[in-house]
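Chain by chain, the residues run as shown.
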Amino acid sequence: MTAGTARREDQFPVGAALRLSELERFDNAQLLRRLRESEPVSWFAEQGVWLVTAKPLIDEVQNDSRNYIVDTEQNPNGAVLGRMMLAVDGAEHSRQRAPFAAPFKRGAVHARLSSVVEAQIERLLAHIESSGEAELAMAFANPFAVSIASDVLGLELASFDEVHAIYTEFANGVVNYRDPNARKATIRAREQLTGLVMPIIEQRRCHPDDSLLSSVLRSEHLLSTDEELLANLRVILFGAIETVESMILNTAWALLHHREQLMAALADASLWPAVVQEGLRWIPPVGYSDRWTTQTVQLGGVTIPSGEYVVPVFAAANRDPGTFPDPDRFDISRGDDRRNLSFGKGIHMCLGVNLARLQGSLALKSLFERLPNLELNPERPSEPVGFNFRRPPHLYVRWRHL
Ligand code: HEM
């Protein structure tokens, strides 16, 4: 420990005592509240990062893309996926995101993808319906997320196993990005994805169709090289699987623990968007973002030197009572309140937000309508865990077998 970090530990005793294993636990809300109330900007000594846990300060970081950036070699996303929109800032970010803006708008997503999303839900639920029980992650949420991500990239369902394996290597690479073996595996996964996607890109260039990929390729804001295009397709694949899977599992878990609210949604289908919003607020699949300071900054009265790792904690912002009264209560009557930070905020706010909301509403509605009296299997309980990514590791359920 250097004299500088020792001083930080004296200044931030709550952060000094904190352990990642505690933040990963299901019941981390009290800990996040303690941080927010006593050290809203805190030095998390064990991990060597600055944690930000009050919503106004998190908004400040997310909205300031000059002082808090992502383009640094310390960023694991860039190291694993390459130079793509989530690893660059400023004008370069605008240029890289531009071709994807129109096809990911709400109207375009609904027109192009609603029937694909519905068809995949139908296929998966029809497959398990007669069994009366299932593990929802592997039987439904994961294959659903993989199949829609594949479709967005223009890939056929036949590539499902490959896409799943490629995603797994990317996710493993981001978590273990300093491990040379994990790095090698991500390079192989990149090559594999290029092998799958490049022929489709070439085909769509010659024969445009009404797919999302064709729309990107037809954009007036063309990317400079195929590598830029591929890197952005990699981050789309990376962003679209575990997040969507977790949204479905977390919200299903929440509803199964609040049956009266489940009954309200089943009685009034217009409530599903609010259910999805509240599920995302209460248990965000992505707990935080990563930013690095470009110069010495003042945040909430704390001086953070240049080049330091700052972590705005969305999971804490979503429970900030200044924005969400009685924040620890799961309550779908908050309505379709979009102030939660589960999709981030600022220039890097989730590109796939409209698709994700559509997927969440349709998947949860169909799941509970189609499988009558769905309930948790009490013999195999589980609960959402994790700090960076949060979800129940498995979700065993059963229903009335007609
Ligand atoms: C419930 C599901 C989802 C959640 C919770 C989620 C969450 C997020 C968050 C928090 C960020 C911001 C990260 C940051 O500021 O550092 C983000 C960015 C991003 N997401 Fe999502 N996401 C979801 C679904 C999707 C889907 C379905 C796609 C694509 C089809 C997608 C693609 C992306 C991309 C490309 C970015 C980077 C945007 C940029 O840097 O400009 N996400 N997502």
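Everything here concerns the structure above.
Nothing here was measured: the structure is a model prediction, and the numbers come from that model. (Residues numbered from 1 in each chain as written. Predicted model: local features only at pLDDT ≥ 70, side-chain atom pairs only at ≥ 80, totals over all residues.)

Time to look at the overall build of the protein. Assigned secondary structure in the protein consists of 18 helices and 10 strands. Taking 21 Å as the expected radius of gyration for a compact globule of 402 residues, we find that the protein reaches 21 Å, a close match to that expectation. Projected onto its principal axes, the C-alpha coordinates of the protein cover approximately 65 × 55 × 40 Å. Contacts spanning at least 24 positions in sequence make up 72% of the contacts within the protein whose residues lie at least 6 apart. (Helix = DSSP H or I, 4+ residues; strand = E, 2+ residues; numbered from the N terminus. Rg over C-alpha atoms; globule rule 2.2 N^0.38 Å. Contact = placed C-beta atoms within 7 Å.)

What follows covers the environment of Leu155. Among the structural elements, Leu155 can be located in the loop between helix H9 (136-152) and helix H10 (160-175). For Leu155, a count of 21 C-beta atoms within 10 Å puts it in the buried group. Between the alpha carbons of Leu155 and Ser366 there is a distance of 25 Å; along the sequence they are 211 residues apart. Apart from residues no more than four positions distant in its own chain, Leu155 is found in contact with Ser150, Val163, Leu196, Val197 and Ile200. (Buried ≥ 20, exposed ≤ 12 C-beta atoms within 10 Å, placed from the backbone.)

So, on to the site of the ligand. The local shell around the ligand holds 23 residues, among which Gly239, Thr243, Gly344, Cys350 and Gly352 are the closest. Elements that contribute at least two residues to the shell around the ligand include exactly helix H13 (226-240), helix H14 (242-256) and helix H18 (353-370). Of the residues belonging to the shell around the ligand, the class tally is 15 nonpolar, seven polar and one charged. (Near = placed C-beta within 6 Å. Nonpolar A, V, L, I, M, F, W, Y, C, P; charged D, E, K, R; others polar.)

Once that is clear, we can look at helix H8 (residues 106-128). An α-helix turns once per 3.6 residues; consequently, residues spaced three or four apart project the same way. With 23 residues, H8 extends 31 Å between its outermost C-alpha atoms, agreeing within 8% with the 33 Å of an ideal straight helix rising 1.5 Å per residue. Along H8, the sharpest kink reaches roughly 50°, centred on Leu113. Every buried residue belonging to H8 is among Val109, Leu113, Val117, Gln120, Ile121 and Leu124, and all of these are buried. Considering only its buried residues, H8 is in contact with H9 and H18. (Expected span 1.5 Å × (residues − 1). Bend = angle between axes of the 7 residues up to and from the residue.)

Read across the open sheet, the five strands follow the order S1-S2-S8-S5-S3; overall the sheet is mixed. In the strand order of this sheet, the two ends are held by strand S1 (41-44) and strand S3 (68-69), each with one partner. When S1 meets strand S2 (residues 49-52), the two strands line up antiparallel, connected through four bridges. From the neighbouring strand, Ser42 faces S2, where its bridge partner is Leu51. Sitting on the sheet, helix H5 (residues 55-63) touches S1, S2, S3, strand S5 (291-293) and strand S8 (309-312), and the angle it makes with S8 is about 125°. (Pairing = 2+ DSSP bridges. Axes fitted to C-alpha atoms, helices over the stretch in contact; angles between N-to-C directions.)

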